[in-house]
Every structure is written in C-alpha cells, then in structure tokens.
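# Fold and geometry: a report
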Amino acid sequence: MIGLEWHAHSFGSSSFDDSDSDNDSYQTDLDFRSHLHRYPSNESSDSSGQAQYHLDAFLESVVAREDLPDAYELSVTPDDFVPSDPESESSDQHTEYDDEELLILNTPDALYQLFLNDKLQVRISASKRWELLCPDCAQWCQTGIHSGIDLWISGQFVSLSNHRGSRKCHQMAAKNKLSAPRNARNDNVPSTRSSVTSNDTSALLAPPAGRDCAGLTVVWPDDLRPFAMLFPWERYHEGPDSLPFLVDLRTPSRPQVRSKCCKSFTLQEGVPCHECAEIAHHITRLADTAWNPKSHTNYRFLGLAHMQDLAKAYADQTRQLKLQGLNDSRKYMTSLTQLDDYHRLLMAISEQDIPRLRQIINVALHNGASVREIVNKLEDALEGAYRPRGYGADDLDIATLVFRLGGRQLLFALNQSLGLPSIRTLRTRCTFTTLTPTIGPIRNEQLDENIRSVVLSSRTNITILRGVSLMVDEIALEEMVVHLGRYNKIAGLCWKHSHVVDHVLRTYESAVTIAQKIQDGDVHLGKELTVIGVACFGEDELYPILAAPTCKTEDARDMEGLLARAIERWNATGAASVIGPVWSFATDGDATQRAAGHRLFLKNPLSPDSELYGILGNMPGLNTMTGDAEVTLDFDFKHIFKRFCTLIRSPSGIILNNGRIINSMMLARYLVWLPAYDETSVIKLLHPDDPQDVPRAIELMQAIVDFSKSQHAILNDSFSSDVETRADLMSITLLSHVIESILMPFINTKLSLSEQVHHLSCYSHLAFTIFRVHRRSFMPFQLYYDTQTAVKNVVFNIAKQQVLDRNSPFFLGDCGDDRLELMFGRSRMIGGHNSGCTYSQALDRLGAAKDIDGVFKRHPELDPGHQRLSLGKRIEDVDHINRQMWRGDIICGHCDLPSAWRRGREIALFILTSSQIDPINYSFAELFHDPGTDILRPLGMNKYFSIAEEDPDDSSCVPNPLPAPVSMPSQVLETMMPDSEAGEIQVADMSTEDDDEEPMLTFEEALTAECVSDVPGTPFHHFPTDPSIPALVQGPGIRADDYLLYKDRWIHKQTICRLMINKEFISKSFNRLERVRGYTKVNKRIDMCAGRITDQNSFLVGDVFLTILRSARTISIAILRSILVTLNDVSRSSINTMSLKACRTTAKVTGQLLALVPTVPSPSSPLLFLWNGGYIKSRSAIPGTMESTERVVIVSVPGFLVEPINPEPTYIRLREDVNSDDFLEIQGGQSTWQVSHGSLQAACEILWMKAVEAKLPLKSIACITPSDAKAFPYQLFDGTPAVVSVEACNLLAASEGERITICPLCEAKIPDMRSHIGQHILRALTNTPESVSLKEPVGSVLPCGFCGRSGLPECSITIKVPANGPPVWETKCAYQHTFKYGFAETGSKNKPCRNVPLKCLLCHPALPPEPGKSICRSPVVSVDAIWRYNMPNHILNGHEEYSVPGHRASGVPLPAAVWDSVKLTDLEQNAARIPQAHWQVGHEGDKENVSSSKSRTRKRPGLESAASLPSKRPRTVVQPLQPSRTLLA
C-alpha cells in the first residue's frame, strides 16, 4: 500500500469531546478556524508530498474550482515533492472511475462521462429543450439548452448535478424507495442511497484487511451526497478545533480515515487499532450533521455541497430582491399617481356640494371605475351633465322617513338639494301602510281588509309560527267630522251609534239631518280613537288592524263584543295558521276593557287535556281560568308602574304591616337620607310635573328600594330609642320588597327567565298576603287585579312558548301594550308633536307610524327613543331596554316554571316572617287548598275584585284635571267644624260683567264669508245634464262625487262638514299635560314650598299628637300618629305649630289611632301608658259578601283640637310593670315609648276647653266603635276608662241625638240605618227569606223606615214639601239619622235603597188654579208621610178605588206621578237579593221596569252644540267649608 500523508486535526478546550454523543452540541459548540494549515508528518517528506498532491488533485478533478470555498488553498502542489515511484505516479494520474463512482461524485464532469457511456437518459421536451433523467428520483430535469445544440461539454450537466443534490430530489427518491422494493430497482442505474442509518456504526465503517493498521474505510450512506462534498474541510487542519483523524481520498468511492494517534499496527489482522476504531463515532456525527444541517449551523461545520446550496440560495434571494425592487418602484409610482387622484377627489368634495355624492361614488365603484374616473364623474355632476340613476334600500328608507315625518314639501326640498328619491319614486318602489277606516259600526270586512293588507301582505317571507298578542288602547281625537273622498262618505262619528245616520252626503239636507242627530245626542262625535294592534312574541313590530272613533259610552258588553270579534276575524282570515294563534289580549287598565276582558278571558277553567295543564297545574295559587283557545287577559306593566307610584304619592298612601301608613310625606322625610338626593330632588321625585312620566316613576321605585337596603343598622337594632323611625323603616322595607319584586324582572337585564319568574312569584304571594289583611287600604281593587293578572299572563305565555318552541327566548317586554304606546308616540311625533288630529289624519298618522317603525327597525341608529316611555337609566346606561340588551338566559326551555314559582313563594315567606302580619294570612298551603282561592281571588268565595259595579273607584289612577281638594284615606272618621263658621266662607264671583255673546252665522252667511271658492278655476266640464244646474268645473284632483249643489253653487262636501256639522268645533289643547287624566291631583293640591322639614316649631307628618274622640257615651283622650296635614285643602309635609293650633285655623290633621297598654299600678311609680306597636281597629263590611274585616281607625280633626306630644322612649324587657306578651306587634323590637297618665288627663281638659270655646257640637266629634271594646277608650288595669272628660260625658249623656248603628232586627253594625232597614222591609213584603235569623220580625203594618217596627207612636213621621227646596221630614224614632233627601230619593249604585218618606198625592192632591191664574199657591204645611215601600199597602187600604199592579187588577189606573212613587228599580231589588220571580209587576205605561240609576255613569258623548251651551260664564260659588268626615280605614 502506498504510504499516505494523513492530515491531522486536533481539538482545543472548547472542541468536541469524544465521549459526547449529542449531535446538536457537536454542531453548535465547535469553533472552527476559517483557514487551512499544512503540517508535515513524522514520515519522509516524499511520501507526504505525494499523498497531499493526490488529495488536491482529487478535489480539483471532482469539484470545479469556482465551486470551491474562497478560503480553500491547496496544501501541496506537484512541485513540492518528488515522487519515489514513477510508476505509481503515472498510474495515479491516469485513474479510471467506474459508473457507480461517477454517480457518487455527481459533478458535471462525472455526469458528462456517464452520458458519454450511455448511462444517462435524455429527451427533447415539448418546448424543444433537452431534459435529463435523474437516476435517483426518476424525474426529468430541464437543462434550458435548445435541442438544436448537441450535448458536448460538462457544463451542460450542471442542472442535473444541482438537482441531485437538492432536497426535492432526496424526498422524491425516498418516496420512490418506500413505494417500490429495493430488489425491484433497475440494476443498470446504480443507486446513490444507502439503507444504512447514520447511527449504525458497524455498517458504516469496515476495517481493511492486513497486518498493519490501515485505518478505517468510510462507508458513507447512499442517501447522502459524496463524502468529499459533505466533509467539513474547514476543520481539516491542526488546531484547537481540528478533527482527530486524517482522510485518504485517493479512492473516492472508498475513502479511508486514520487517527492522528494511530499506532500503525494492530493485534488482529483486518481490525484497526483502538485509536482508529474510535474514529467511527466522529464519522457517525459527521453523517448526522450532513444529513440535515440546521439553518443556524456555523459554516465551519458544513461541507462543500452545503456551501454550494447556500451560495445558490443567496443568489436566488438576490435575484428576488432585485425583482422586488423593480416591482416596488413601479408600485410606488402607481401609488403616487393614485394619491394625486385621491387628492383631487378630496378637493372636489370639500370645495363643492355635489348632489347624491354617495350614489355617484357607489355607481362608479359598482362599474369598476377608478378614482380618476370618479373625479371626472363628480365634475360632470357639478356641471349637470351627469345624474346617477337608481336608489338603494337605504336611500328609500331615508326618503320614507323624511316624507312621513316632514311631508311632501320637505321631501321635495331634499330631493332637489341632496338628491333623495322623489315622492313619485317612493310610490313606485315602496308600499305605504294604509288602514281601512271604520265608517259606521265596526264590521268584519274592515278587520279582514286590515289584517290582509297590513299583516299578511308584509309577512309573506316569514314562516315561523309565533304567539300573538292583541292589544287595545285609545288616543286623543279631534271631535269633528271629515269627508273621505275615496269612499264618498263622512267619518268621525262614534262606531256605537253611527248606525242611525246615512254616511253619504247626498244633499244639503243630509248634512242638516246629521247635525241635528249630533245635537240631539242620537249619535256622537268621536272623542278618542280606539286602536287594536297585533304583535308577535319575539318580535318588535306592531300591526294596527282597527282604528275606530269612540264616544267613550261603550259598556262592558260592547267592548266584549269588540274584543271577541277581533279574535274571531284573526282566526277566520287564516292569520292564526300562518302567523300564530292569539295568546293574550292586553290593555292599559281601562275599567270598561277590564270588565270586558274578565268576562271574555276568565270564563273557562284550564282543561286537564291541555298541554299546559301539566305545567301550570303544579303551581299552587295560580289562577288557571282562561278564555276560548286558552287566551288570557294582560295589562301593561309600564302603566302598572305609574299607578303604583301614583298610589305611593297620594296623601292617603299605602297601609302595610300591622296597619302603618306610608305616603309621600313620610317618604320625603327619609329619602333625603340617600346621598344622591336632597330636599329639592326628593320633592321633584315625589311630586313630578307629569305623573305619567315612566322614568321618574321607576326612579322613585328604585330610590325606595335603595333606601331600604341602606337602613339595615337601624332595623337590626332592636333597642333603638327612635321607635317611630324604626316602625316606619319596617313598613318601608316591606314596601321595597313588594316594589322590587314587580320592578326588577323588567329592568334588570342580568336576570334569567327563571329569576324573573322568582320575582314575579314573590310579588304575587306578597301582594296576596297584604291584600288579605288590609284590602283596598293596601292597594285599590283595580290595581291588585291588574298586577296579578299581568303576572298570571306572563306565566301562561312562557308555558305556551315552551309548548310551541322551547328553544326560543321569551322577553317579558313583549307582554302588555307598550308597543302600541310606542306607535302612538310616533304618531304624535308627526306634525311637530301635535296630538290633535282629525280621524282622517289619525289614519294617515297610524300608517305613517307603521312605516317609520319599519325604517327604525332596519336602522336602529336613527331612532331617538321615547323619553316618556323609557325605563330609565340603569347601570347599563341605556334609555330603553329591549330584547337585544338582555344579557340573562331567557330561553324558555331553560325555565322550570313550577320550581321557579315555588322559589318565589319561599322568598315571600322569608320576607313575611319578619313582618308584623299574622302568619294565618300567609299559610299558602292551607289557603290555596280551597279551589275558590288563588292570587286573583284572595278572599276565596270565588270573588274577583274590581269587576263588580259596586267596587270603589281606582285611587291609583289620577282623575280628571279639574282642581279638587286633597282626598283623605278611604273610610276616614272626621271631627267636623260648626256649620256657622263654614257657611260664612264663600268665593266671590269671578266674572264682574256679562260676556258678550258671539253672533252665530248661518250656513249661507258662513259660505259667503269664505274668501276663496272651493272649486279651482279650471276649464269647463259638461258634467250636469240639466241646463238649469250650473256646470261643475274639471281639473286635476277634482271628483264630481266630492261636491254638493247648494243654491246653484257646487260646494265641496268637506266645506259642508266644516260649516254645518263641525260649526261648534273647538280644538283640543296641544299640551298633553292638560288632557291626560290625573295631571292635577298629584301636584296642584300639594304645597311643595311648605318649608323645610328640619325647621323648628314645626309639626311634621309622622309626628304623634293628642285629640279627643267620642266612643259610645264617653269623650276621652286619644293618641294618633299623623299621616296627613292639610292647610286650605292643600297637603303639606309640615306646618308651624302656632298656625296649626290657632282658633280659626283651616288646618286639618289626619292620623291613625294608636293602641296603648297601661302599666300595673304601683305606689312607688306613676301610671304610664306604653305603645304596644299596634293600632285601634274596627269592623268593616266586605262589599258583595256577608263578611267583614278589620281596618285601622283613621281620624281627621281640625288643627285647634291637636296637641303635639313628645313621648319618652323606654325598654320593654327592663320593665316589670308590663306584660311583654302585649307587645308582640313590635316584632322583635325591645324599645317603645311611654306617656304619663297625668299628661294625658291634662291634655284632655285643655282640648275640651278648646272645643267649648269653638262651640263644637258633641255630635260633630268623631265617634269610634272599635272591634275590641277594651281597646278604646283607653282603660286602666282594672278595665275602667283611663282618661275621660267628665263634663263632656255628662253633656253627651243628656243629648238625644245619639245615632244608633246597630240594627234592631238583625243586630248587625251598619253605617246607614235607613238603607239597611229598607232591604229588610222589601224582603218581608216579597216573602223573601233572610240570610240571617232576625231578632224580631219586620212590622206587618206600615213599618218604620228607620227601625222596621210597626205601631210605635214615636215612629210616626210627617213631611213638609215646600215649593222650592227639598222636603223636610220629622220623626221621634230613636234610630233616625239625617240623610240627603234628593240623593236618597234618586238612589245610586252604592246606595240603591230609595225608601224615603213621601207625601201621598192621592190623600193631598194639588188644587187647580183660580180663574185667571196659571198656578195655585197653597200653604206649606206638615202632613203625614208614607214611606215609599209602604205606599202599595197604603193605596190598597186607603184608596180602594185605584188598581195596584200585582196586587189589585180592578179599579182606576194610578196616576203617573203616584205610580212613580210606588215603582221599584231593578237595582234596589237586586241589592235586597229578591228573586226575580218576586219582583214588582210593571205598570202598563212602562216600557220596561228599568233602574233610574245606571250602573255605569255615562260619559259626555261629545261637545254640545252652541245652541245648547250657555252664552254667559256661570257664577262659581264655593260651597261652605264642610266639617271633616269620619270614616274607617
């Protein structure tokens, strides 16, 4: 073997450690030098030079010189050595390579040699270029050489050489190897890949044979490029980072390596020495590094092939950067040009107002125009040479909004200036909402047409079934008739009575007839417009289907027929199957609509076969009565909020807990404690300018809730010395729970649907409990019915939505008629918020409101909202809460109604247990076990409140705007002032001279006064055929049917309506606050400038005071808590003490009578009275039932009988002279207040002296009849009266005017003895059995109308009937009492009994006048009177010649006047519970035996005609100041 010069490569301290096998550290930790060094070996220089020459010769032969690294230098040149063997030298210079070696070399020369040996396949491509077949990946490699040029030099094979060294070739070759077995390869093409991995050291290195150590033969993996190309020659030198072996490349296909520390011999032949064997690890790491070098590998670790790849990559990158630079320069030039164009565009827009700018740009962009072309278009548009065609949906919406809000003229102006669509374009491309008018009675065709045109036609693309809510409400209407040319009829008459007239004006006499009918009251002008709308649950849009003028005289049956007709037509038109079934019918709380809805939607119990029964049947207390198809009644929640606040703001307030009243004056004392409010803001909150303001109402409710939550410290302090404040806070806390439970479900957007049901269920159970205790003192019957019905409707609708689609959300805001109110708000917005409009204008406005609402739904950013209908600003800072803002989970399927209902009941129980209410009233399990008891029937017996006609008026609805005195709480007892003082107070006549009467013009005079003729001056038209009739002119818009001929003149029918029918028209006020009900009551009778409540020497509402009261035959002292202070009938929160106690003061104080407990007498301590936390109560009958309930006694007294006191606080548990069980009503409190017996006695004497000085009649002092006789007058420990006025008691005992309130027949306590005894007499006369056993029967012969007895001389009665004034009667009956004769004779629905003493016209007939005189004046004398109910028996026995219907058929018929005194009304016979079979037989002259007192007060149908109105202003005389009345609370 030829001796070799091995190039040594040593390592430094930072070099690779042989024991380290981490390939990554091998690549990253080595720090190689960038140049090569030559080191002579220990052997002769000849052999060394020859070996080095062969290495350099090999590199020059297989690698092109330009491909070598720049730092590479030949270590030895041919001149540096002298060969020792010429033959070997000659043989080395002419070395021959086989085909496999040439493939391994992969140089252009080697590949060219293979081509010459016909080992490479070539072809000509379709593009006439040479292609070479890669022997590794079998892919054709393009050369870029034209096929006309022969392959004759090695440079033509550079592309194939580069391809074979690329990653793409390696990947394709590996893929081919996997897809085909190794033995299936073509044997003619040697493979350059090897299956030996880089980690297989034994396969990679094989020791040469021989005795001497020949080093290791490197077996390089076939899948790598040649060893010489991948060897890191930068490390092949002597130095700290050199390789520890030498390389022999004389045989390129079998390179050999030898360790620099080789011993040159081996112990075993063919096995390298130990030092050379260790080189295998380095070779393995070199192969691993060469396989896939990382991008961050230092160039010293890379071979020549890797460097070639890097150089090519850099060259490609350079070319790409050059190309990118050229492209960027072109882009920059283009961008600069575009910037110039944009600058021109901005200048054109900023300097000129270009019509339809957005449309021009949109059209240009749609056509693909450039910025320069757009600028040219703008210039053409400025010059008028170009107008863009076509409008988008947004343009049409804005134009619709402009037209509907501002009218035709505004749209024309904006069309000319801004290029909006014209009215012609709108009519062509849009469909406006048009309502079919109601002319005459409401008919099915009108409803059907509106349902089809307004609802069905606009929902053709919606197929989802939804629940439907119908809602009804009224809006103000100008009381005038209009002529509708489209129908050739007049409209504007009330739908109930308009059937009596012909709506077509055929002649002038037709208008005269209609005007006469209106004046006679046969038909009325529409005061308001009744609108019925349709809305779908889950949607915001409202569809009006009826707009009918109303005179507000409809009764419940009329409204019931209207509501039923609306539902019936909805189903008949197919809307129920296309859109959805009707789920509910909503109203705002109108009494007539409530009664109609109750009859219509609470008549059928929920069927067990219903899909809702399984859900709703498991909710105890829920009323499950529905209408047909399970339709329920609904009320608007915003109206409920307003009525709630009206109730709180009223002087009578609201009674809570054990009877404590909370009103606006009380709240004014406490709300100032909140940091956000001062006295001014609290006054505005409690007494707003507009009680209909929803945000202000919600703010008040939230303020009460916030205040209650901030006072836990005082409430939890049971030993607080401020007893009155703690008692007030306990009641306010209960009120806040009621308010919060009804308010939060609608305004807290974080609540889920289940949590909303929790709150509503809590409210239902709280209201149910408190209403059972306090009845209408807690809440009016109407408000209770409406709130509970609204809660019931929410529960029903959630269950229906779960059955229809349980995955749909349910928004509580969809309940009620709020969407109808929003439409009314939009209609008022049209025309500058002018609410006064005619019927035709109202129809147009409703249609416009529907169109505007559609635009706002598509463009919510344009909607300004509604301040008056807003729910207030919450934490979310929103003005109007809607379904998009709700963040809680309102998917109906996620709400378990029975569980949510039970959870609300548990919350209510927790609240009620901490109140002062008797637990028997919230034992829900026992109460709801009765099938006749539920949330709508709190007292059982299947009785609904607010539906019966005898129910009192709703105090939560503020009445008409006429000034009225402040109303005191219902059933208030009053100490009255003497009539002599009150009678002197009168108001002078406001008018000093008569007003001049304005002359009334005739129709012809008014027509002559018209300045301009109704008919335009247009060309002649041959319309009439009669030559005597003047011709009607013709022109655009002129219709012959719109004119009438009057005295040879054609008059437009609208002119006839205006001058003839509407001649008495007076426009309503544009100010909404002057028209809405209840504007005056809250503010006008409350003095908001009465002084600060912190002023000294002031008596505040809520303070405790003393007065004297009457009970049986005693006058004693009483302690009351003030709830209302008035001065001149104006409510005040405080009053100066001196003004209050003045002798001739007009101040009055109303208070609740407190219950006191005396201490046990002791010689060492004075007698004291302690407040036990309760109130004195009395019995009060429940209307419509035979039962009674207890109510707190409320008394109103004049200011001079008021003595303020400041009781001393004390602690109950620390006293031994009282029984702590008497103080249970304090509910956990340990403190109360006390007052001494001596102070009470002294105050009693002082107050009696004031009463004597004021000449106050004893009977005018309020009389108390407590349900517990021991409660009042206050008694000592032994049961004797504690504090009485002896002188007053003696005078009272001597008086004979004691009014008895115990019935002598049935021993019932009644307020009106005459009415009560009259019912007993009627039942006795008709043989009707009594419901209770009588102590003694009714007298058989002419019983007394006061006591029901017969034959008693003191019961005889006389009457004196003057010519002017009411009759005067006189009797000595002990049960007599005064009454107003005129009201008693007429009767009313609350007091239907008309049993009054009468003068018999048969016994005392009127004398005829003397000859020559028209009347006969007879002296007024007292005669024996006959009670009305005794009149038939009197005639039967005293006037046998006359017939009596039902008793005696023969005889002379009774005179009409006599029969009127005998005739009974249906109302009083019904009130006496007389069976209809026993009713009085009618007179032959009667059409029917009807009641003279109608069950429902008829409202004024319309403005009276001018002829019926007084021409002068009437004198106004204020009635004498009435002393305070005394009722029970």
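The present account deals with the structure reproduced in this document. Note that this is a predicted model, so its numbers are computed, not measured. (Residues numbered from 1 in each chain as written. Predicted model: local features only at pLDDT ≥ 70, side-chain atom pairs only at ≥ 80, totals over all residues. Heavy atoms only, no water.)

### Comments concerning the sheet that holds strand β35 (residues 1357-1360)
In space, the 3 strands of this open sheet follow the order β36-β35-β38, with antiparallel pairing throughout. Unpaired on one side and paired on the other, β36 (1368-1371) and β38 (1423-1424) mark the two borders of the sheet. (Pairing = 2+ DSSP bridges. Helix = DSSP H or I, 4+ residues; strand = E, 2+ residues; numbered from the N terminus.)

### Overview of the packing of aromatic side chains
To describe a pair of aromatic rings, one takes the distance between the centres and the angle between the planes. Evaluated as defined, the whole model comprises 37 aromatic pairs. Where Tyr 508 meets Tyr 1046, the ring centres are 4.7 Å apart and the plane angle is 50 degrees; that geometry is what we call tilted. Within this pair, whereas Tyr 508 is found in helix α19 (residues 508-520), its partner Tyr 1046 is found in the loop between β20 (1043-1045) and β21 (1050-1052), the two being separated by 538 residues in sequence. Relative accessible area serves as the criterion here: at 16%, Tyr 508 is assigned to the buried category. Here Tyr 1046 falls in the buried class, since its relative accessible area comes to 13%. An angle of 70 degrees between the planes, with centres 5.8 Å apart, marks the rings of Phe 637 and Phe 641 as edge-to-face. Taken together, the residues Phe 637 and Phe 641, both in helix α24 (residues 637-649) and 4 residues apart, mark about one turn of the helix. The two residues Phe 637 and Phe 641 agree in class, both being buried. Taken together through their ring pairs, the aromatic side chains of Trp 220, Phe 227, Phe 231, Trp 233, Tyr 236 and Phe 245 make up a single cluster. Just above the ring of Phe 1379 sits the side chain of Arg 1314; from NZ or CZ to the centre is 4.9 Å. (Phe/Tyr/Trp six-rings, centres within 6.5 Å; stacked < 30°, edge-to-face > 60°. Buried < 20%, exposed > 50% of the residue type's maximum accessible area, 1.4 Å probe, protein only. Lys NZ or Arg CZ within 6 Å of the ring centre and 35° of its normal.)

### Focus: a nonpolar patch on the surface
The grouping of Met 333, Leu 336, Leu 339 and Tyr 342 at the surface amounts to a nonpolar patch, some 440 Å² of accessible area in total. Considering the arrangement of structural elements, one finds Leu 339 in helix α12 (residues 304-351). We classify Leu 339 as exposed; its relative accessible area is 52%. (Patch = residues over 30% accessible without salt bridge, like charges linked within 9 Å, V, L, I, M, F, W, Y side chains within 5 Å. Areas by Shrake-Rupley, 256 points an atom, 1.4 Å probe, with all protein chains shown as cover. Salt bridge = Lys/Arg side-chain N within 4 Å of Asp/Glu carboxyl O.)

### With respect to the pattern of salt bridges
Inspection of the entire model under this criterion finds 47 salt bridges. Linking Arg 459 and Glu 539 is a salt bridge whose minimum nitrogen-to-oxygen distance equals 2.7 Å. One end of the pair, Arg 459, is in the loop between α18 (444-455) and β8 (468-476); the other, Glu 539, is in the loop between β11 (528-536) and β12 (542-550), and 80 residues separate them in sequence. Asp 558 serves as the salt-bridge partner of Lys 496, at 2.7 Å between the closest nitrogen and oxygen. Taken together, the residues span a long stretch of sequence, with Lys 496 in the loop between β10 (489-491) and α19 and Asp 558 in helix α20 (residues 556-572) at a distance of 62 residues. For Asp 558, a relative accessible area of 23% translates into the label partly exposed.

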